[in-house]
Amino acid sequence: MTRHLSCLCTVLTLAACAAGNAGGNDVVAVPTNAVPEIRAVATNMASWLKKGTGREFKVQTGSWTGTGVWLAVVGETGGVQCSGVRPDSGATNLAGRGPESVWIRADTNGVCIAGKTPLAVRHGMYIYLEQLGYRWFFPNEVWRIIPEVESVFVPFAYCGEPAFKNRRIWYAYGTSSKQCDDDYKRWIECNRQGGAFEPRCGHAWPGIVNRNKGEFAAHPEYFAVMQDGRRDTNRVEAARKFCVSNEGLVGLCIRDSLKLLGTSHTDGSMVSLDPSDVSGSCSCAECQKIGKEPEQAFHIANRVAKVLREKAPGAWVGLYAYAGHALPPGIPVESNVYVQVATAFNRTPLSMDQLIAEWGKKVSAIGI
């Protein structure tokens, strides 16, 4: 077995070295007008290539000569031929794709990486480094594989984007270590986790109360009527429910959401309207007309989402499908409401697969 593996490694090494021309194209170039994020990707790639080759890679700006590494957002490319294909062909090949899509062409003289966004270009860098043998199996450098690379240019073609708009694996309760946090951030970057679309759907009602204490103190009627007829003003804030039929409460939630998004929000920005982390709903007559817990939760989410489409185009409202509102509501859901189906606390008669299927019929974007 040892001998067999040794032969395999030799074959891989020869394949990686077949391109030759080591040291002749040790340049990572970006357009003169490249944004700082692209320049940072170039510096990062030069660093990784130095670790694998032992050689210095110069980062420079300008136009591409067809040799070395070229990094650019589509529309900023230009330059000459890359294996008979202009690098700005990326704009054509990425048409209709999402913000994380990237186009890569490489021959034995150079590699062109063009993405829809700086994030896509960064993904492309790691996709290509993987072709050279780099790996990042777990956080911490002992799990990194840095290959011995003589030539960084091997024939390769890629055009695509991630299958999921957001990908995340995380430490559930944190690390309590700055070093671990730094290792983790690098690991998720190298493995292309995260995404241009960033879900925010955690329990949000307590935060709304905390940010608007004065208004809630002046308007106890914003809180739900409990089954015993009292307002939900005595429990801890993390458990309190809203009277979602109250127009004053709805207006407050709209203002709070717009403030959270700010004026610099981008397409895919999201604000959560998920209820507090216990089951329950308002028992007042008007809320009962809206429906049970799922209908009440999504009624207020709908009201906010509708305003966001007008005043913050591209922004979303996020909620869990969880516990008392795990089932889809019996009311329509606005097109910019995102739902993340929880894998626990499923108190419905449906299996997880069935829940996901039902929610897929109800909303335009879904996560797990």
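Note that the structure is predicted; figures quoted are calculated from it, not measured.

Here we come to the environment of N346. As for its placement among the helices and strands, N346 is situated in the loop between β11 (337–341) and α11 (352–362). Excluding its chain neighbours within four sequence positions, the residues that come into contact with N346 are S351, M352 and L355. A distance of 2.7 Å separates polar atoms of two side chains, one belonging to N346 and the other to T348. Reaching out from N346, the side chain makes a polar contact with the backbone oxygen of L350 at a distance of 2.9 Å.

Another point: the layout of surface pockets. By volume, the largest pocket is sized at about 1200 Å³. Together, 36 residues line the largest pocket, and N166, R168, P199, Y338 and Q340 are the ones closest to its centre. Counting residues per element, the ones that place at least two in the lining of the largest pocket are α4 (118–131), α5 (178–190), β11 and β12 (365–367). Tallied by class, the residues present in the lining of the largest pocket amount to 21 nonpolar, eight polar and seven charged.

As a further point, take empty space enclosed by the protein. One pass over the full model with this rule turns up two cavities of 30 Å³ or more. Around the largest cavity, the lining residues are W205, K241, F242, V244, P275, G280, S281, C282, E293, Q296 and A297. Looking at the lining of the largest cavity element by element, the count peaks at three residues for helix α10 (residues 293–311). Of the residues that constitute the lining of the largest cavity, the class distribution is six nonpolar, three polar and two charged.

Let's shift gears to the confidence of the model for the chain. Looking at the chain, the pLDDT average stands at 88 and 89% of residues meet or exceed 70. A low-confidence stretch, residues 1–23 (pLDDT under 50), is modelled with twelve contacts involving residues beyond four sequence positions or located in other chains. Confidence over residues 77–85 falls short of pLDDT 50; this stretch has 27 contacts with residues more than four positions distant or in other chains.

The end-to-end C-alpha distance of α5 is 18 Å, a good match for the 18 Å that 13 residues give at a rise of 1.5 Å each. Within the sequence span of α5, burial applies to D183, Y184, W187, E189 and C190. The inward-facing, buried residues of α5 abut α2 (36–53), α4, β6 (135–136) and β7 (144–145). Looking at where α5 begins, the residue whose side-chain oxygen comes 3.4 Å from the main-chain nitrogen of Q179 is S177. R192 sits one or two positions beyond α5 and adopts a positive phi of about 60°.

Take the packing of helix α8 (residues 247–261) against α10 next. The geometry of α8 relative to α10 is characterised by a closest axis approach of 10 Å and an angle of 45° between their N-to-C directions. Put simply, α8 runs oblique to α10. α10 is crossed by α8, and the crossing has right-handed handedness. Each of E247, L249, V250, C253, I254, S257, L258 and L261 in α8 lies in contact with α10, whose residues at this interface are I300, R303, V304, V307, L308 and K311. Of the residues in the contact of α8 with α10, the class split is ten nonpolar, one polar and three charged.

All chains considered together, the criterion is met by 17 salt bridges. With its nearest N and O atoms 3.3 Å apart, the salt bridge here joins E130 to R192. In this pair, E130 sits in helix α4 while R192 sits in the loop between α5 and α6 (205–211), placing the two residues 62 residues apart along the sequence. Residue E130 is classed as partly exposed on the basis of its relative accessible area of 23%. Residue R192 is classed as partly exposed on the basis of its relative accessible area of 24%. Between R235 and D232 there is a salt bridge, with its nearest N and O atoms 2.6 Å apart.

What follows deals with the nonpolar core. Ranked by size, the top nonpolar core spans 43 residues in total, and within it F216, F242, F298 and V317 carry the most contacts. At the level of elements, α6, α8, α10, β10 (316–321), β11 and α11 are the ones that each hand at least two residues to this core. Those residues within four positions of V317 in sequence are excluded, and the remaining contacts are M270, V271, L273, A301, V304, A305, L308, N336, V337 and Y338. Counting 37 residues, the second-largest nonpolar core is a separate cluster that includes A34, V41, V69 and A106.

Turning our eyes to something else, we now look at the environment of W48. Residue placement: W48 occurs in helix α2. A sequence separation of 98 residues divides W48 from I146, and the C-alpha atoms of the two residues are 8.3 Å apart. Discounting chain neighbours no more than four positions away, the residues touching W48 are Y126, L129, Y134, W136, R144, I146, R186 and C190.

Let us now look at the environment of V225. Topologically, V225 is positioned in the loop between α7 (213–218) and α8. Residue V225 is classed as buried on the basis of its relative accessible area of 14%. Taking C-alpha positions, V225 is 9.3 Å from C287, a pair spaced 62 residues apart along the chain. If near-sequence neighbours (up to four positions away) are discounted, V225 is found in contact with R230, R231, S281, C282, S283 and C284.

Each value, and the rule that gives it
By convention here, each chain's residues receive numbers from 1 onward along its written sequence. The predicted origin of the model limits local features to residues at a pLDDT of at least 70 and limits the giving and counting of side-chain atom pairs to 80 or more, whereas totals for whole chains, interfaces and linings rest on all residues. The basis for every side-chain value is the complete set of non-hydrogen atoms in the structure, without hydrogens or water. A helix here means a DSSP run of H or I that spans at least four residues, while a strand means a run of E at least two residues long, and both kinds are numbered starting from the N terminus. In this description, contact between two residues means that some pair of their heavy atoms is separated by no more than 4.5 Å. Think of a polar contact as two N or O atoms within 3.5 Å of one another; within protein, one of them needs to be a possible hydrogen donor and the other a possible acceptor, and neighboring residues in sequence only count if both atoms come from side chains. Cavities and pockets are defined on a 1 Å grid built over the protein atoms alone: a cavity is a set of grid points where a 1.4 Å probe fits but cannot escape, while a pocket is an open set with protein on both sides within 12 Å along at least five of seven lines, and lining residues are those with an atom within 4 Å of any such point. Grid points are joined across faces, edges and corners, and a volume is the space filled by probe spheres set on the points. Each residue receives one of three labels: charged for Asp, Glu, Lys and Arg, nonpolar for Ala, Val, Leu, Ile, Met, Phe, Trp, Tyr, Cys and Pro, and polar for the others, Gly being one of them. pLDDT is a residue-level measure of predictor confidence that goes from 0 to 100. Multiplying one less than the number of residues by 1.5 Å gives the expected span of a helix. A simple rule labels every residue: compare its accessible area, found with a 1.4 Å probe on the protein chains alone, to the largest value its type can have, and call it buried under 20%, exposed over 50%, or partly exposed in between. The axes are straight lines fitted to the C-alpha atoms, using for helices just the contacting stretch, and the angles between their N-to-C directions are given from 0 to 180°. Note that the term roughly parallel is reserved for angles under 35 degrees, roughly antiparallel for angles over 145, roughly perpendicular for angles of 65 to 115, and oblique for everything else. It is the rotation of the near helix from the far one that decides the hand of a crossing: anticlockwise by less than a right angle makes it left-handed, clockwise makes it right-handed. Salt bridge criterion: a side-chain nitrogen from Lys or Arg within 4 Å of a carboxyl oxygen from Asp or Glu. By nonpolar core we mean a set of buried residues, namely Ala, Val, Leu, Ile, Met, Phe, Trp, Tyr and Cys, connected to one another through side-chain atoms within 4.5 Å.

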